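So the chains spell out like this:
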Amino acid sequence: MDISPQIAVIDFGSQYTQLIVRRLREAGYFAKLCHPDNFKQVPVPKGVILSGGPRSVSDEDAPDIDFDYLRGLGVPILGICYGMQLLNKKHGGRVEPGTTREYGPAEFRPEGDSVLFDKMSGSSQIWMSHSDTCTQLPEGAKVIGRNEEGVPVAIQLSENVFGIQFHPEVTHSHEGKVVIENFLSLVDDPPRFNMDSFKEILINSVRREVGEREVVCGVSGGVDSTVLAVLLDRAGVKLRAIYVDNGLMRMDETAEVVGQFKKLGIKLEVIDAGSRFLGAIAGIDDPEEKRRRIGNVFVDVFFDAADHVELLAQGTLYPDVIESATSGSIASTIKTHHNRVPRILELQEQGRVIEPLAELFKDEVRALGESFGIARDILYRHPFPGPGLGVRVPGEVTAAKLKIVREGDAIFMRHLKESGWYDKVWQAYCGLLPIKTVGVKGDERSYEWAVSLRAVTSEDAMTADWVEFPPELLRRISNEILNNVKGINRVFYDVSTKPPASIELE
Ligand code: XMP
């Protein structure tokens, strides 16, 4: 999808680059991340930000940029951290490796009256993460801010080219938002990014991209695929929305998804393939093998149902695109499992895959969903993995074990919703431990399964912490599960962080 960005953010690999894009969008500017090598292919932006990065500009193979092209644009430029050092070097200044890495809070004091620090206090906290330092400025450059030790941390290289050593995009830089707004005030383009305008752009671009072709879209009932299907539907293209019931869904989930789509006015083709999935993983207890089989059956069932796919729509989001382009992170591996199987790659090579949400962050997808009138329940659901309960029942998956997990999970979720905890946690579920332990029921000893409750907070699923529920809430949940779910005699609460544990049990 070709939407011209107002601001290009050149990605030198900092962990914060996505945050820069977010801050710019929050300020009303459509921003896009670009790789330094592809920068010239992006339609000419109205402002450029060079991100930070883990490398040193003195490294022989340090990421670089075509500076003549950049300068020739004549638009305001802001270099952050690595970006500042690169600008300093390119203008003829000197950058040297520091002896230690400066990381964390520092105090910032603006100097002179640079427009970049307009309306800022005389001193405020900034967030640093760097090791190189600009030891000599080029001719004509001036220092516009220092830290508490008097070391220059902000420079102005020409009328509209700036460099700052700190990260204005993180909230730990208390007045970072002001710095970004001041920079944007120099941009010769008004703020015009908001969900309503973006929705129109998206709808028009979907119409253009799809034309008369029929689009097939897989629906799971989760946020991304639901918003995707509604976007396609509202764009008025020929749509087939297919939902595969893999037999590994939660209690009443299929009926709920069907009901939701009915309310949204979209015809959903439901493929009941539970027995095919359960047959494929019967007797298998290796987690990777289970995943592989579930994935393969999904692709077979989906493409059999779709029959001939003229065009396939996928709910890939912006962070997935960035991650698969720049790193081999966990998130990109997850998507590899799902979206990058050979059959889909083949379609992609033939130009028959569209990813209309690929410009959006998760919260923007939710905002788009809200503007389409999609229920909050759907938009704020916890993430649910593609292989479903298959990754919540370690060891062999059987119908009896799935029944236990479904019942336990339904009780757990009901309590979380009633107590207001559901929206405070990133993800929560009930899984089954692959062990039987001894208990007593009435006068008899029992030898039964144990369930494990897990609830975590997280920013991005890469790291996670367990949730400290009030003990009486855990007690109520545990009692109800023990009294109502047949086949178990024990409830554990998982107090493992990720790492070293993962969120799912597998
Ligand atoms: P782990 O268990 O790796 O999970 O800590 C991290 C996040 O990813 C979700 N997850 C998946 N999502 N397909 C998905 O769409 C998958 O195969 C998959 N495996 C794990 C998990 O629920 C958690 O949010």
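Description of the structure in this document. (Residues numbered from 1 in each chain as written. Predicted model: local features only at pLDDT ≥ 70, side-chain atom pairs only at ≥ 80, totals over all residues. Heavy atoms only, no water.)

## Remarks on the overall build of the protein
Logical step 1: Within the protein, the regular secondary structure consists of 16 helices and 18 strands.
Logical step 2: Scaling as 2.2 N^0.38, a compact globule of 506 residues should have a C-alpha radius of gyration of about 23 Å, and the protein matches this with 26 Å.
Logical step 3: Each of the three principal axes of the protein carries a C-alpha extent, and together these read 85 × 55 × 40 Å.
Logical step 4: Counting only residues that meet the buried cut, the protein has 52% of its 506 residues in that class.
Logical step 5: Looking at the protein alone, contacts between residues at least 24 apart form 75% of all its contacts between residues at least 6 apart.
Logical step 6: If you sum the accessible surface of the protein, you get close to 23,200 Å²; carbon and sulfur atoms cover 49% of it.
Logical step 7: For the protein, the distance from the average position of its 58 positive side-chain charges to the average position of its 74 negative side-chain charges is 5 Å. (Helix = DSSP H or I, 4+ residues; strand = E, 2+ residues; numbered from the N terminus. Rg over C-alpha atoms; globule rule 2.2 N^0.38 Å. Buried < 20%, exposed > 50% of the residue type's maximum accessible area, 1.4 Å probe, protein only. Contact = heavy atoms within 4.5 Å. Areas by Shrake-Rupley, 256 points an atom, 1.4 Å probe, with all protein chains shown as cover. Lys, Arg positive; Asp, Glu negative; His and termini not counted. Charge placed at Lys NZ, Arg CZ, Asp CG, Glu CD.)

## As for the environment of L432
Logical step 1: Along the chain, the position of L432 falls in strand β15 (residues 427-441).
Logical step 2: Note on L432: relative accessible area 0%, which makes it buried.
Logical step 3: In the structure, L432 is positioned 40 residues away from R392 in sequence and 6.4 Å away in space, judged by C-alpha atoms.

## As for the site of the ligand
Logical step 1: If you check the shell around the ligand, you find 14 residues, and the closest are R291, Q427, K498, I503 and E504.
Logical step 2: Separating an oxygen atom of the ligand from a backbone N or O atom of I503 is a distance of 2.6 Å.
Logical step 3: Contact between the ligand and E504: an oxygen atom at 2.5 Å from a side-chain N or O atom of the residue.
Logical step 4: Protein contact buries 86% of the 500 Å² of open area that the ligand shows by itself.
Logical step 5: Residue classes in the shell around the ligand are distributed as seven nonpolar, four polar and three charged.
Logical step 6: Lining the shell around the ligand are residues from two domains, each supplying at least three of them: domain 2 (195-379) and domain 3 (398-493). (Near = heavy atom within 4 Å. Polar contact = N/O pair within 3.5 Å; in protein donor to acceptor, adjacent residues only side chain to side chain. Nonpolar A, V, L, I, M, F, W, Y, C, P; charged D, E, K, R; others polar. Domains from an automatic or database assignment.)

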